[in-house]
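# A look at the structure
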Amino acid sequence: MKISNPQASFFIGIFFTLVQLQQLTAQTSSSSHKNAPVKSFSFPLQLEMHVPFDPTAFPSGSNSYLIYELYLTNFSSSPVDLKRIELLDADRKSIHPVATFNITQLQTMLQPLGPNEAGPAKKLTIAGGQTTIVFMEVITDRKKPFPGKIIHRIITETDSLDGAIISTHNNKLQVLASPVKGANWIAADGPSNDADNHHRRGVVILEGRAINSRRYAIDWKKVKDSVSFSGNPRNVHSYFCYGEKVFAVADGLVIRVKDGLPNNIPGHGEAFHPAIPLTFKTLPGNNITIDLGNGHFAYYMHLQPGSLRVKAGDRVHKGQLLACIGASGDAREPHLHFEVTNSSKLLFGEGIPYLINRYRLNSKGNGFTEMHINELPIDKQIVDFGQ
């Protein structure tokens with residue numbers, strides 16, 4: 001076909017040039033895709049995160065504390081190497097972490113479940129199918145309160161993951177009186193994150209779920225010059241707290257008592273031989289449970305046989321005499337195990353924090369001069385509750 005219009009010939013030429021360029025570009029692109037490595041699809045970090053029981057911040061001294069457990073389960077077949085955990089404001093009111101835990105800190109916070117190679121460095125690796133408990137303790141200045149909600153960020157060698165949003169004020173803090181009177185009481189295994197604190201690491205499986213009634217428990221003992229006894233360590237009467245009176249921490253209803261279990265002969269480690277076989281029912285020894293109201297229950301354990309002054313169904317008043325300290329049940333030496341939980345069933349509740357209305361601390365060896373109002377003593381503090 002002959003085209004006589006020069007302008008039409010010009011546009012037709014441009015059209016065929018563009019077609020040729022597109023064909024060349026397509027060929028080049030196809031060749032380049034064939035030679036380029038193909039990226040395989042990958043899921044996000046397959047790490048399940050959850051907190052079984054949300055914490056409640058409590059004050060002690062100049063700080064506020066959050067104590068709880070974070071569970072991590074690796075749902076992949078490849079190991080996950082933890083590098084850092086950051087806590088962030090879940091409402092994103094601040095981009096700065098509330099707290100950061102590095103490798104050194106994590107080595108003391110992690111407890112892998114099931115077989116795990118020895119050595120703290122190995123704790124940072126979560127094998128495929130394995131679950132690890134992270135025992136969290138977050139400390140901040142009381143003048144800078146925790147955000148209402150916190151989200152966790154898990155950081156590994158190659159990835160990161162945000163999840164497990166928690167409330168920081170899950171329970172109402174109840175103000176209680178002290179369960180004992182007088183001075184020189186040490187808060188043994190009180191609230192802390194130490195790896196050797198048997199209360200803090202006291203997670204057990206009951207009714208098919210992980211639970212820790214002892215999370216904020218305290219073993220109250222009397223000490224003089226840092227020791228709890230004078231004389232024969234195998235005699236309960238050698239211990240300064242043996243026979244000391246214990247009192248109701250608030251008005252409430254006695255819902256359970258157990259008496260008649262004998263004292264143990266004191267002894268630690270291989271020297272401990274309980275007076276009767278330890279079972280689920282005998283572990284607390286002679287004990288009293290008081291319903292404090294609002295879903296809070298106070299537990300007094302290891303009481304002196306024959307010393308209980310109340311029975312189930314009694315209504316008690318704050319400061320009322322309940323019993324005396326003994327060494328019954330799972331007690332290596334005389335002491336009062338005191339805890340508050342959210343269940344009326346012994347050992348089945350989650351441990352919750354509370355406040356003690358007033359006490360003094362032995363500050364820097366200057367005697368009991370530091371007054372604390374509506375706070376909770378922490379591990380190893382030596383306290384004067386007054387008369």
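Residues numbered from 1 in each chain as written. Predicted model: local features only at pLDDT ≥ 70, side-chain atom pairs only at ≥ 80, totals over all residues. Heavy atoms only, no water.

## Looking at the overall build of the chain
Convention followed: For helices the rule is a DSSP run of H or I covering at least 4 residues; for strands it is a run of E covering at least 2, with both sets numbered from the N terminus onward. The classification of residues rests on relative accessible area computed with a 1.4 Å probe and restricted to protein chains. Under 20% of the type maximum is buried, over 50% is exposed, and intermediate values are partly exposed. Contacts are assigned to residue pairs that have any heavy atoms within 4.5 Å of one another. Exposure was quantified through the Shrake-Rupley algorithm and a 1.4 Å probe, taking into account, for residues, occlusion by the shown protein chains and nothing else.
In terms of helices and strands, the chain carries two helices and 25 strands. Counting every position in the chain, which comprises 387 residues, the buried fraction comes to 47%. For the chain, the proportion of contacts with a sequence separation of at least 24, taken over those separated by at least 6, is 68%. Looking at the chain as shown, the accessible area adds up to about 19700 Å², and 53% of this sits on carbon and sulfur atoms.

## Quick notes on the side chain of glutamate 137
Worth spelling out the cut-off: Two residue types count as positive, namely Lys and Arg, and two as negative, namely Asp and Glu; His and chain ends fall outside the count. For salt bridges, the criterion is a side-chain nitrogen of Lys or Arg within 4 Å of an Asp or Glu carboxyl oxygen.
Assignment of secondary structure puts glutamate 137 in strand E8 (residues 131–141). No salt bridge is formed by the buried glutamate 137; its nearest oppositely charged neighbour, arginine 200, is found at 6.6 Å. Dropping the residues within four chain positions of it, glutamate 137 is found in contact with Tyr65, Leu66, Ile67, Phe101, Ser192 and Asn193.

## What about the packing of aromatic side chains?
Basically, it comes down to this: The pairing test for Phe, Tyr and Trp rings, Trp by its six-membered ring, is centres within 6.5 Å, and the orientation test on the planes gives stacked under 30 degrees, edge-to-face over 60, and tilted for anything in between. A positively charged side chain is recorded as over a ring if its NZ (Lys) or CZ (Arg) lies within 6 Å of the ring centre. The angle to the ring normal must also be within 35 degrees.
Taken as a whole and assessed by the stated rule, the structure comprises eight aromatic pairs. Ring centres of phenylalanine 338 and tyrosine 354 lie 5.7 Å apart, and the angle between their planes is 85 degrees; this geometry places the pair in the edge-to-face category. Of this pair, phenylalanine 338 sits in strand E22 (residues 336–341) while tyrosine 354 sits in the loop between E22 and strand E23 (355–362); the two residues are 16 residues apart in sequence, bridging distant segments of the chain. A network of ring pairs unites the aromatic residues Phe58, Tyr65 and Tyr216 as a single cluster. Directly above the aromatic system of phenylalanine 240 lies the positively charged group of lysine 224, at a separation of 4.8 Å from the ring centroid. Here lysine 345 stacks its cationic end above the ring of phenylalanine 348, 4.2 Å away from the centre of that ring.

## Remarks on the pattern of salt bridges
This model, assessed by the stated rule, comprises 16 salt bridges. The closest approach of N and O atoms between glutamate 69 and arginine 215, which form a salt bridge, is 2.8 Å. Taken together, the residues glutamate 69 in strand E3 (residues 63–74) and arginine 215 in the loop between strand E14 (209–211) and strand E15 (218–222) connect sequence positions 146 residues apart. Judged by its relative accessible area of 4%, arginine 215 is buried. Where glutamate 207 meets lysine 345, a salt bridge forms, and the shortest distance between an N and an O atom there is 3.0 Å.

## Some thoughts on the environment of alanine 327
Within the secondary structure, alanine 327 is located in the loop between strand E21 (321–324) and E22. The spacing of alanine 327 and methionine 301 is 26 residues in sequence and 9.1 Å in space, taken between C-alpha atoms. Each residue touching alanine 327, except ones within four places of it in the same chain, is listed here: Val236, Pro262, Asn263, Asn264, His302, Glu333 and Pro334.

## A look at the nonpolar core
What counts is decided by this rule: In this description, a nonpolar core means a group of buried Ala, Val, Leu, Ile, Met, Phe, Trp, Tyr and Cys residues linked to one another through side-chain atoms lying within 4.5 Å.
Within the largest apolar cluster, 41 residues are counted, with the highest numbers of intra-cluster contacts made by Ile288 and Tyr300. Counting residues per element, the ones that place at least two in this core are E3, strand E12 (185–188), E15, strand E18 (286–293), strand E19 (296–303), E21, E22 and E23. Apart from residues no more than four positions distant in its own chain, isoleucine 288 is found in contact with Val254, Arg256, Val257, Ala298, Tyr299, Tyr300, Leu303, Leu308, Val310, Leu322 and Ala323. One finds Leu47, Leu70, Met109 and Ile166 within the second-largest nonpolar core, a separate group that totals 29 residues.

## Some points on the environment of leucine 87
Looking at where leucine 87 falls in the secondary structure, it is placed in strand E4 (residues 80–89). Residue classification places leucine 87 among the buried positions, given a relative accessible area of 0%. Put simply, leucine 87 and aspartate 162 are 75 residues apart on the chain and 9.4 Å apart in space, counted from C-alpha to C-alpha. Beyond its immediate stretch of four places on either side in the chain, leucine 87 contacts Tyr68, Pro97, Val98, Ala99, Phe101, Met136, Val138, Ile150, Ile151 and His152.

## Let's talk about unusual backbone geometry
The phi angle at glutamate 207 is positive, at roughly 55 degrees, despite the residue not being glycine. The phi torsion at aspartate 225 lies on the positive side, around 55 degrees, for a residue other than glycine. By secondary structure assignment, the location of aspartate 225 is in the loop between E15 and strand E16 (245–247).

## Digging into the confidence of the model for the chain
Stated formally: By definition, pLDDT measures how confident the predictor is in each residue, and it falls between 0 and 100.
Mean pLDDT for the chain: 90, with 87% of residues reaching 70 or above. For residues 6–19, every residue scores under 50 in pLDDT, and the model assigns this stretch three contacts once sequence neighbours within four places are set aside. Across residues 28–33, confidence stays below pLDDT 50; counting only partners more than four residues off in sequence or on other chains, it has zero contacts.

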